[in-house]
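In case you want the letters, here they are:
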Amino acid sequence: MIKSSFKIIILVLLIASCKGKQEMVASTQETTTTEETETSDYINDSISKAVLSAPVFTNDSIAKYYKYESLILKTNENFTSLSNNITAHFKKYITPKKLENIEFLDPKKNIYIEFTLNRNKEPINVMTNASDEKLDKKLKKTFAKLDFNNVTIVDFNPLCKYTLIVIQQQNKRPIVKCNVTAIGYAPPMYKKCEEEFNYYNLNACNYLFISEYLYNNVDLSLVTAQDIDDFHRIYPKFIVDKEGKVIAAKIESENKQLLESYYQTILDLPKADVPAKLNGENFYYGYNFPTSIVNLIRNNGGFNQFYRFKKHTGKPIKELMKDYIILLDKVKKDKQIRKVGF
């Protein structure tokens, strides 16, 4: 599927999951100051020269992803109503006139407030997904004035992040429509992350685990020199089901073959030991992992070994990346030849 244009979406609400995440680097990566500087210079230069007009492809199986994304969003919205104390509170400070100027980053998403709770069940780490700084401040100030005793917490859990939806779209117009029961999501827990004790540590551990898995299992022989030269990117979103297994994904990239490999790799992600929870009950959880193809290579364990062996040649890192991809392709073809008996 080819799109004429491509919008980069860093922020996504699928159950209060991945807000403003930076590209994560595998914990096993070994670097030196010189290597980091060289890589950073190359990436910054590549971004400035990126070919933004390149066609973008999507994997062939996205209907299932949209189905579960819709289910998650609908479940969240079902917590809200027009007639409750929380809605009334926010309506006092967000007037119809102020609503007229509100823009949604994504037409399907709501504008919401996120927070965690301290041991006294008081909200901390308050954030919003507001489209501008003025609205962000307004929402935070209004939230601070809220009598938090009016908010129902079903599952008091340090592994949870909680959400209050504030503004939704109805008939293409923004309205204040909030939830009284906080939407508390705990991320899935993978085996490597069993010792984490709060939401942020668990989420960071999950990202490192998943990133390292993807870096080292995607078929990089499908990368092209153009992907490296033009700093092509890959935009994966995926949903983990109530059992802790990836059930659906949507992948976008300029490289169609690579994104299909990425799609299959995500589906093969090991099952989480503990599924995600919505207010204490197993539920679906969405992840968003935007990255560059260069970043996939740079954090691949095989490339790191190749780089340490070849860096003395003085070749620029992007040329070593190309050499590595050529080597992978040759190894892959040799295996195919041996399979058919030649």
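Just so we're clear, the structure is a prediction, and the values are computed from it rather than from any experiment.

Trainee: Describe the overall build of the protein chain, and please don't skip the residues or the numbers.
Mentor: Helix and strand content of the protein chain: 11 helices and 15 strands. Within the protein chain, residue pairs in contact and separated by at least 24 positions form 75% of the contacts whose partners lie at least 6 positions apart. With an accessible surface of roughly 17,000 Å², the protein chain has 52% of that area assigned to carbon and sulfur atoms.

Trainee: Break down the environment of V274 for me, with residues and values.
Mentor: You can see V274 is positioned in the loop between α8 (256-267) and β12 (277-278). For the pair V274 and K242, spaced 32 residues apart in sequence, the C-alpha to C-alpha distance is 9.3 Å. Excluding residues within four positions of it along the chain, V274 makes contact with P188 and M189.

Trainee: Can you tell me about the side chain of S253, naming the residues and giving the values?
Mentor: If you trace the backbone, S253 turns up in strand β11 (residues 246-253). One polar contact links the side chain of S253 to the main-chain carbonyl oxygen of R233, over a distance of 2.8 Å. A polar atom in the side chain of S253 sits 3.2 Å from the backbone nitrogen of N255. Ignoring anything within four residues of it in the chain, the contact list for S253 reads P55, V56, F57, R233, I234, L259 and I293.

Trainee: Lay out unusual backbone geometry in plain terms, naming residues and giving numbers.
Mentor: Positioned with a positive phi, K121 is a non-glycine residue whose angle comes to about 60 degrees. By the secondary structure assignment, K121 is in the loop between β4 (111-117) and β5 (123-128). Residue class for K121 comes out partly exposed when judged on its relative accessible area of 46%. If you check the backbone angles, N171 has positive phi at about 55 degrees while not being a glycine.

Trainee: Quick one: what's the story with the state of the cysteines, residue by residue and with numbers?
Mentor: The term disulfide refers to a covalent linkage connecting the sulfur atoms of a pair of cysteines. According to the stated counting rule, one finds 1 disulfide in the structure shown. Each disulfide pairs two cysteine sulfurs, and for C193 the partner residue is C205, the sulfurs being separated by 2.1 Å. The chirality of the disulfide connecting C193 with C205 is left-handed, given an S-S dihedral of about -90 degrees. Within this pair, whereas C193 is found in the loop between β9 (183-186) and α6 (199-217), its partner C205 is found in helix α6, the two being separated by 12 residues in sequence. As far as the burial class goes, C193 and C205 line up, both buried.

Trainee: Can you explain the packing of α6 against α8? Please cite residues and give values.
Mentor: Look at α6 against α8: their axes get within 10 Å of each other, and the N-to-C directions meet at 135 degrees. Between α6 and α8, the angle falls in the class oblique. In this structure, α6 crosses over α8, and the sense of that crossing is right-handed. Residues Y213, L214 and N217 of α6 lie in contact with α8, whose contacting residues are Y262, T265 and I266. Residues belonging to the contact of α6 with α8 are distributed by class as follows: 4 nonpolar, 2 polar and no charged.

Trainee: Describe in detail helix α5 (residues 133-144), supporting the description with residues and values.
Mentor: For α5, spanning 12 residues, the distance from its first C-alpha to its last is 17 Å, which sits close to the expected 16 Å at 1.5 Å a residue. Within the sequence span of α5, burial applies to L135, D136, L139, T142 and F143. Looking straight down α5, one finds that the buried residues subtend no more than 135 degrees of arc, so they occupy a single side. Relative to its buried face, α5 has exposed residues pointing more than 90 degrees away, namely E133, K134, K141 and A144. Residues of α5 that are buried make contact with α3 (85-93), β4, β5 and β6 (161-170). Residue D132 occupies the N-cap position of α5, its side-chain oxygen lying 3.1 Å from the main-chain nitrogen of K134.

Reading the values: rules and limits
Residues numbered from 1 in each chain as written. Predicted model: local features only at pLDDT ≥ 70, side-chain atom pairs only at ≥ 80, totals over all residues. Heavy atoms only, no water. Helix = DSSP H or I, 4+ residues; strand = E, 2+ residues; numbered from the N terminus. Contact = heavy atoms within 4.5 Å. Areas by Shrake-Rupley, 256 points an atom, 1.4 Å probe, with all protein chains shown as cover. Polar contact = N/O pair within 3.5 Å; in protein donor to acceptor, adjacent residues only side chain to side chain. Buried < 20%, exposed > 50% of the residue type's maximum accessible area, 1.4 Å probe, protein only. Disulfide = S-S within 2.5 Å. Axes fitted to C-alpha atoms, helices over the stretch in contact; angles between N-to-C directions. Parallel < 35°, antiparallel > 145°, perpendicular 65-115°, else oblique. Left-handed = near helix turned anticlockwise from the far one by under 90°. Nonpolar A, V, L, I, M, F, W, Y, C, P; charged D, E, K, R; others polar. Expected span 1.5 Å × (residues − 1). Arc of directions from axis to C-beta.

It is worth stressing that arrangement in space is one thing and function is another; only the former is reported here.
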